[in-house]
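Structure assessment
Okay, here's what each chain looks like letter by letter:
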Amino acid sequence: MNWSTTQLIWIAATFLLFTVMVALISSWKTRGDNLETAEGYFLASRSLPGFVIAGSLLLTNLSAEQLVGLNGQSWKTNMGAIAWEVGSMFTLLVLAFFFLPNYLKVGTTTIPSMMETCYDKSTKTLFSAIIVIMYSILNLPVILYSGAVVFENIFDVSGMFGMSKFTAIAVLCVIIGVVGGCYAIFGGLKAVAVSDTINGVGLLIGGLMIPFLGLALLAKETGGSSIMDGVRYLLDNEAEFHKLNAVNAWDSAQPQVPWPLIITGMFFSNIYWWCCNQSFVQRSLAAKNLAEGQKGAIYCGFLKCVGPLYLVLPGIIAFYLPSIQEQMQSIAGNPGVSLMDQAYPMLVVKCVPWPVMGFFAAVMFGAILSSFNSVLNSASTMFTLDLYRSVFKPSASDVECVKVGKIYGTIAGIVAICIAPFVSYTGNGITTLLNSLANFVSMPIAWTILGAIVFKNIPKWAPKLITVIDVVFYGVFLLIKPVYPTNPTEEIHYLYAIGVLFFVDWIVMWACNKFAPRKEALILKDVGAVDMTPWKYRKIVAIIGIILAILIYLLFSPLGIAAAGEPTSWLNVWGVAS
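The following refers to the structure shown. (Residues numbered from 1 in each chain as written. Predicted model: local features only at pLDDT ≥ 70, side-chain atom pairs only at ≥ 80, totals over all residues. Heavy atoms only, no water.)

Quick word on the packing of aromatic side chains
Applying the stated criterion across every chain, the model contains 30 aromatic pairs. Ring centres of F18 and F359 lie 5.3 Å apart, and the angle between their planes is 85 degrees; this geometry places the pair in the edge-to-face category. A residue pair is termed long-range when its members are at least 10 positions apart, and F18 in helix α1 (residues 5-29) and F359 in helix α19 (residues 354-392) qualify at 341 residues. Judged by centre distance (5.7 Å) and plane angle (80 degrees), the rings of Y299 and W535 are edge-to-face. With a gap of 236 residues between them, Y299 in helix α15 (residues 290-311) and W535 in the loop between α23 (494-515) and α24 (538-555) connect regions that are remote in the sequence. The exposure class assigned to Y299 is partly exposed, which follows from its relative accessible area of 32%. One aromatic cluster is present, formed by F267, F268, W447, F455, F502, F503 and W506 through successive ring pairs. Sitting above the plane of the F319 ring, K243 keeps its charged end 4.2 Å from the centroid. (Phe/Tyr/Trp six-rings, centres within 6.5 Å; stacked < 30°, edge-to-face > 60°. Helix = DSSP H or I, 4+ residues; strand = E, 2+ residues; numbered from the N terminus. Buried < 20%, exposed > 50% of the residue type's maximum accessible area, 1.4 Å probe, protein only. Lys NZ or Arg CZ within 6 Å of the ring centre and 35° of its normal.)

Here it is as structure tokens:
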């Protein structure tokens, strides 16, 4: 990037303006809030409205790595990556209609505390320790590192300031860690949620610019003159490259998502992430009432349906852009360079005009911050409430717990900042370890909660049993690396294993409930934490959401625009494609 001094000053000024504006609005919205109580600090005094929950859920889920990763997947494969976005609609409806009413009914503060309510203290302590360690030692450093790398790849910080890439990444890790830590440590959950909402609006505006600017650039580079010319270019080349198809064969190679997994393994995995993962669910637990919590989850489902426009389609556009193809060819084969990870940064640099680059940088920075401060806040919450107050000092007051939470958050943030720059020396090791650990415990955590809701006589030791079964089964799956019988050169997608484990755990929990029932039936009592009146329009809005998700899949299928280029395609009949 060869920006002039004036351009750099403008970009820096607009970046700082938007970033400071977010901080000031977050500070203003949290003024007067009581952050001395555990509920006020960790659960925003249970005061969050639906639109804030929706924005915070979206930004907690959306990381810089996801922006680059999903667009990289679509660059390499096709539109199949929309499964991670559109498929979330169904799971968020499960959260709104099934999990959230039960969480709020018993006044849940953390997922492990729900486990103690339904089982015993040892179950809570076991899963609390596992999750806190995962968040603190693995998630936080990887989030910092991947965010810093994305920022460096897009904005060439090392080139701007004449420093090595390692130094630039280290500096960015410090900046992201310090700013994100300030939100999470000093502002509590409400400051995190408010900043997420504002950054969410900015992300929708900034992210949605990319596909339209990209299509205009594609048209210009291929002899067209308008955005529609760019669209026609995609359609005209579909018959040859099949990039707009989101329905992949059942034995497709990774990173493609085989179609059966959309309704099995991916759906079950998403139940863990959206319904049982503390960093996500904590936003919904802070709802002022059940109706607002349901609104937040369902609204977020609609926002996820918009995701393919800025998380998947830009990768397809980058695939077709001649200028990016030339750049890719020039760096292909370079050691340590992943072409998939270069697609989105290259497109941004090519198509975003410099006057709005500062705003886009601030939006990206906000997305990175959100991932970091959300996980840091959740780790601090669980350490304080589920370990410190529960195991080490049950008599700790709210004021002491808030103080301990801030101290732990500070220490965890500093450790993450110190570790993050060195992730580059592990290759994919730490990321692979992170994903593997999540898959080892995802179904046991999900079924520990599900079992308590579905089965009323489930014994207290059942969660420990399914944890052992899942660790052994998934460990064996990773070791033997089974391949598809119809495609022996490709390993079976890991989500198939998750799909099998879901049903195995279901059978085990059913058997425990049937043949080894607890002495007294489990009854989830309403503790009066919030108003439990459900949202009046939840059913009709949910139906609209389901129809929307199905229509999106039909659009990006052989029944829709993926049929472009075929002689009988309705696109050709109607003259949409050339």
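As for helix α17 (residues 322-331)
By the burial criterion, the buried members of α17 are S323, I324, M328 and I331. Taken around the axis of α17, the buried residues stretch over an arc of 135 degrees, which confines them to a single face. With respect to the buried face of α17, the exposed residues turned more than 90 degrees away are E326, Q329 and S330. (Arc of directions from axis to C-beta.)

What about helix α14 (residues 278-285)?
Most of α14 sits out of view: eight of its eight residues are buried. By the burial criterion, the buried members of α14 are Q278, S279, F280, V281, Q282, R283, S284 and L285.

Digging into the environment of V281
Of note, V281 is situated in helix α14. The spatial distance from the C-alpha of V281 to the C-alpha of Y103 is 9.5 Å, given a sequence separation of 178 residues. Those residues within four positions of V281 in sequence are excluded, and the remaining contacts are Y103, I111, W274, C275 and C276. (Contact = heavy atoms within 4.5 Å.)

Observations concerning the side chain of T14
Relative to the elements of secondary structure, T14 occurs in helix α1. On the basis of relative accessible area, T14 is assigned to the buried category, the value being 16%. When near neighbours in sequence (up to four residues on either side) are disregarded, T14 contacts G358 and F359.

Some remarks on the packing of α14 against α19
Following both chains from N to C, one finds α14 and α19 inclined at 80 degrees, their axes separated by 9 Å at the closest point. It follows that α14 is roughly perpendicular to α19 by the angle criterion. Listed contacts from α19 to Q278, S279, Q282 and R283 of α14 are S374, V375, N377, S378, T381 and M382. (Axes fitted to C-alpha atoms, helices over the stretch in contact; angles between N-to-C directions. Parallel < 35°, antiparallel > 145°, perpendicular 65-115°, else oblique.)

Let's talk about unusual backbone geometry
Notably, H242 is not glycine yet its phi reads approximately 55 degrees, a positive angle. Mapped onto the secondary structure, H242 falls in the loop between α12 (238-241) and α13 (265-276). For H242, a relative accessible area of 43% corresponds to the partly exposed category. If you check the backbone angles, K481 has positive phi at about 50 degrees while not being a glycine. Mapping K481 onto the fold places it in the loop between α22 (462-480) and β1 (483-484). Overall, K481 belongs to the partly exposed group, its relative accessible area being 48%.

Let's talk about the nonpolar core
Grouped together as the largest cluster of nonpolar side chains are 171 residues, with contacts concentrated most on I82, F99, Y103, F151, C276 and I449. In terms of residues, this core owes the most to one element, α19, which gives 18 residues. (Core = buried A, V, L, I, M, F, W, Y, C linked by side-chain atoms within 4.5 Å.)

Focus: a nonpolar patch on the surface
Among the surface-exposed residues, Y537, I540, I543, I544, I546, I547, I550, L551, L554 and L559 lie close enough to one another that they form a single nonpolar patch of about 950 Å² accessible area. Positionally, I544 belongs in helix α24. I544 gets classed as partly exposed once you look at its relative accessible area, which sits at 45%. (Patch = residues over 30% accessible without salt bridge, like charges linked within 9 Å, V, L, I, M, F, W, Y side chains within 5 Å. Areas by Shrake-Rupley, 256 points an atom, 1.4 Å probe, with all protein chains shown as cover. Salt bridge = Lys/Arg side-chain N within 4 Å of Asp/Glu carboxyl O.)

Considering the side chain of T123
Checked against the element boundaries, T123 lands in helix α8 (residues 121-155). Of the polar contacts made by the side chain of T123, one reaches the side chain of D120; its length is 2.7 Å. T123 has contacts with M115, T448, K460, P463 and K464, leaving out every residue within four places of it along the chain. (Polar contact = N/O pair within 3.5 Å; in protein donor to acceptor, adjacent residues only side chain to side chain.)

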